[in-house]
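Report on the structure
Each chain is listed here by its residues.
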Amino acid sequence: MQITERLQALAGSPTTAVKQVADQLKRDGIKVYDFGVGEPDFGTPENIKDAAVGAMEQNKTKYTTARGIVELREAIAQRYNNKYGTAFGPEHVVVSGGAKQSLYNLMMTLVNPGDEVIIPSPYWVSYPALVQLAQGTSVFVETKAENDFKVTASEIEAAITPRTKVINLNSPNNPTGAVIEIEELKQITEMAVEKDIALIYDECYECFVFGKEHGNPIQWNQEKVVSVGSASKTYAMTGWRIGWMIGLKEVAAASDRFQSQAASNPNSIAQWAAVEALLGEQDAVDEMHAAYAKRRTMVLDLLNQVDGLTCPVPEGAFYVFPDVSNFFNEELCDSIAIAKYLLEEAHVAVVPGSGFGAEGYVRISYAASEQELTEGLTRMGEALKALK
Ligand code: PMP
Ligand code: GLU
């Protein structure tokens, strides 16, 4: 059989690849300090699991509407209305098997072949691949470590051409943890409206922002902005696969049409669990926030003790993105080689920066216990020192 040119040209996700290698090592009995794939180390809260059990017991185990059960879409719409003063209803929402699928739906909905999608870099690994699948062209806007990787409106403006169809923003950012300044976000929204460009805003880490205001452009405009969210991080539900888009009814309808043909509906049991996640007790989210905040300080302290390592201060998500290029030598001359070395020598899994469009860096997820982080990052520091 012949694999299509489309797929021959498509690289696999480097984050999921690191997970595969780390999991294999664990199965081989090796103790791995796994700071690779980004997912909460916390269990899914009990009330959410109970809701799933209840759904199974009540046989809510059949196909649902392709865009998701109305109860969940209402809960999602309500979340935005409460937070941002919007007036969304279930007709503005499409629930998917994770935000990744929502983003794929949206690229297929909004991008024609040859259209340009502006993506600030470092970027989450899947954006360019999803643009590629929609036969669009990614246009990267490089953000700077000295600005803590925060994108500005003028940087975005400089990348706009007559072919620009979408600006794809992610705040808090994976992999850098950067949170876009409210004033810049406002200006970017105004620019998108003025120039008739769609703005996709991925806020999967919306609940994990530290000492800083998080905004969503959908609070200022609901015609040009589509927001993407996820239960994965907020409720420690990565394996359940529930994400969503919210925005213009027509965009939701087209996205629903695509999903109905490509995937039917997201998992019915997970949808009922997500209703409880959104409407039930939110204490677990506060507890996770407090834990990540504490670990962030701890991780930055540990990394700053390693001579030669520089690490911008992230304001959100649960990642740090240190510059490891000072440790490059003739053999280990890129982030993939360094990540491989750290895994083999220190049994520490991190994701190479190249997958995020940022050679010279590695991403460390601090969604791990304090003990794991202390031991693992000490091992990492020692392995790096050995290269000097
Ligand atoms: N966007 C960002 C920025 C992410 O980091 C991820 C991965 N967690 C996703 C989208 C996709 O999340 P999920 O498909 O698990 O909802
Ligand atoms: N988003 C997570 C990460 O960046 C999970 C893996 C993925 O979906 O790519 O590690």
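For the structure, see preceding data.
The present account deals with the structure reproduced in this document. (Residues numbered from 1 in each chain as written. Chains lettered and ligands numbered in written order. Predicted model: local features only at pLDDT ≥ 70, side-chain atom pairs only at ≥ 80, totals over all residues. Heavy atoms only, no water.)

Focus: the sheet that holds strand 12 (residues 362-365)
Within a sheet, each strand pairs with its neighbour through backbone hydrogen bonds, oriented either parallel or antiparallel. What counts is decided by this rule: Pairing between strands is defined by DSSP: at least two bridges between them are needed. Numbering of helices and strands starts at the N terminus; helices are DSSP runs of H or I of at least 4 residues and strands are runs of E of at least 2.
Reading across from one edge, 9-12-11 is the order of the three strands in this open sheet, with antiparallel pairing throughout. The two strands at the open ends of the sheet, each matched to only one other strand, are strand 9 (319-320) and strand 11 (351-352).

A closer look at the packing of aromatic side chains
Stated precisely, the cut-off is as follows: Two rings from Phe, Tyr or Trp (for Trp, the six-membered ring) form a pair when their centres sit within 6.5 Å of each other. Planes less than 30 degrees apart are called stacked, planes more than 60 degrees apart edge-to-face, and all others tilted. In this scheme, a residue with accessible area under 20% of its type's maximum is buried, one over 50% is exposed, and one in between is partly exposed, where area comes from a 1.4 Å probe on protein chains only.
Under the counting rule described, the total for this entry stands at 15 aromatic pairs. With 5.6 Å between their ring centres and 70° between their planes, phenylalanine 42 and tyrosine 292 make a pair best called edge-to-face. Pair noted here: phenylalanine 42 is in the loop between strand 1 (33-34) and helix 3 (46-57) and tyrosine 292 is in helix 12 (residues 283-304), with a separation of 250 residues, a long-range link. Given a relative accessible area of 0%, tyrosine 292 falls into the buried group.

Focus on the site of ligand 2
Cut-off, in case you're wondering: Throughout, near means a residue has at least one heavy atom within 4 Å of the molecule or strand. Polar contact criterion, stated in full: a pair of N or O atoms within 3.5 Å, where within protein one must be able to donate a hydrogen and the other to accept it, and residues adjacent in sequence count only if both atoms are side-chain atoms. Note on definitions: the grid is 1 Å and covers protein atoms alone; a cavity is a set of points where a 1.4 Å probe fits but cannot get out; a pocket is an open set with protein on both sides within 12 Å along at least five of seven lines; lining residues have an atom within 4 Å of a point. If over half the atoms of a molecule are within 2 Å of the grid points of a cavity or pocket, the molecule is regarded as sitting in it.
Taken together, the residues surrounding ligand 2 are Ser13, Thr15, Val37, Gly38, Lys100, Trp124, Asn174, Lys233, Tyr319 and Arg363. With respect to ligand 2, the side chain of threonine 15 contributes an N or O atom lying 2.6 Å from an oxygen atom. More than half of the atoms belonging to ligand 2 lie within 2 Å of the grid points that define the largest pocket.

Considerations on a negative patch on the surface
The condition is simple: In this scheme, patches are assembled from residues that exceed 30% relative accessible area and form no salt bridge. Like charges are connected within 9 Å, while nonpolar side chains (Val, Leu, Ile, Met, Phe, Trp, Tyr) are connected within 5 Å. Residue exposure ignores everything except the shown protein chains as possible cover, and the areas themselves are Shrake-Rupley values with a 1.4 Å probe. For salt bridges, the criterion is a side-chain nitrogen of Lys or Arg within 4 Å of an Asp or Glu carboxyl oxygen. The charge count treats Lys and Arg as positive and Asp and Glu as negative. His and the chain ends do not count. To locate a charge, take atom NZ for lysine, CZ for arginine, CG for aspartate or CD for glutamate.
On the surface, a cluster of negative charge is made up of Glu157, Glu183, Glu190 and Glu194. The greatest single-element share of the negative patch, amounting to three residues, is contributed by helix 8 (residues 182-194). Here glutamate 157 is to be found in helix 7 (residues 153-159).

As for the pattern of salt bridges
Under the defined criterion, the tally for this structure stands at 20 salt bridges. Across the pair aspartate 23 and lysine 26 runs a salt bridge, and its minimum N-O distance is 3.7 Å. One end of the pair is aspartate 23 and the other is lysine 26, both in helix 2 (residues 14-27) and three residues apart, which spans about a single turn. The exposure class assigned to lysine 26 is partly exposed, which follows from its relative accessible area of 37%. For the salt bridge of lysine 224 with aspartate 196, the shortest nitrogen-to-oxygen distance reads 2.5 Å. Of this pair, lysine 224 sits in the loop between strand 6 (198-202) and strand 7 (225-230) while aspartate 196 sits in the loop between helix 8 and strand 6; the two residues are 28 residues apart in sequence, bridging distant segments of the chain. The exposed category is assigned to aspartate 196, whose relative accessible area is 53%. Within this structure, Lys19, Asp23, Lys26, Asp34 and Glu39 form a network of salt bridges that share partners.

A short note on the layout of surface pockets
The criterion, for reference: Grid points are joined across faces, edges and corners, and a volume is the space filled by probe spheres set on the points. Classification used: nonpolar for Ala, Val, Leu, Ile, Met, Phe, Trp, Tyr, Cys and Pro, charged for Asp, Glu, Lys and Arg, polar for all others including Gly.
Estimates place the volume of the largest pocket at around 490 Å³. For the largest pocket, the lining is made up of 24 residues, of which Gly38, Lys100, Trp124, Lys233 and Arg241 are closest to its centre. Of all elements in the fold, only helix 2, helix 5 (99-110) and helix 9 (231-234) reach the threshold of two or more residues within the lining of the largest pocket. Classifying every residue of the lining of the largest pocket gives eight nonpolar, nine polar and seven charged. Its volume calculated, the second largest pocket comes out at about 290 Å³. In terms of lining, the second largest pocket is formed by 16 residues, of which the most central are Ala11, Gly12, Ser13, Val125 and Ala129. No other element matches helix 6 (residues 126-133), which puts six residues into the lining of the second largest pocket.

Some words on the site of ligand 1
Within the structure, ligand 1 sits among 14 residues, and Asp202, Tyr205, Ser230, Ser232 and Lys233 are positioned closest to it. Contact distances for ligand 1 include 2.7 Å between an oxygen atom and a backbone N or O atom of alanine 99. Arginine 241 is positioned such that a nitrogen or oxygen atom in its side chain is 2.8 Å from an oxygen atom of ligand 1. Alone, ligand 1 offers 400 Å² of accessible surface; in the complex the protein occludes 93% of this. Taken atom by atom, the bulk of ligand 1 overlaps the largest pocket. Looking at the shell around ligand 1, the elements with two or more residues in it are helix 5 and helix 9. For the shell around ligand 1, the class distribution of residues is five nonpolar, five polar and four charged.

No statement about biological role is implied by the geometric values presented.
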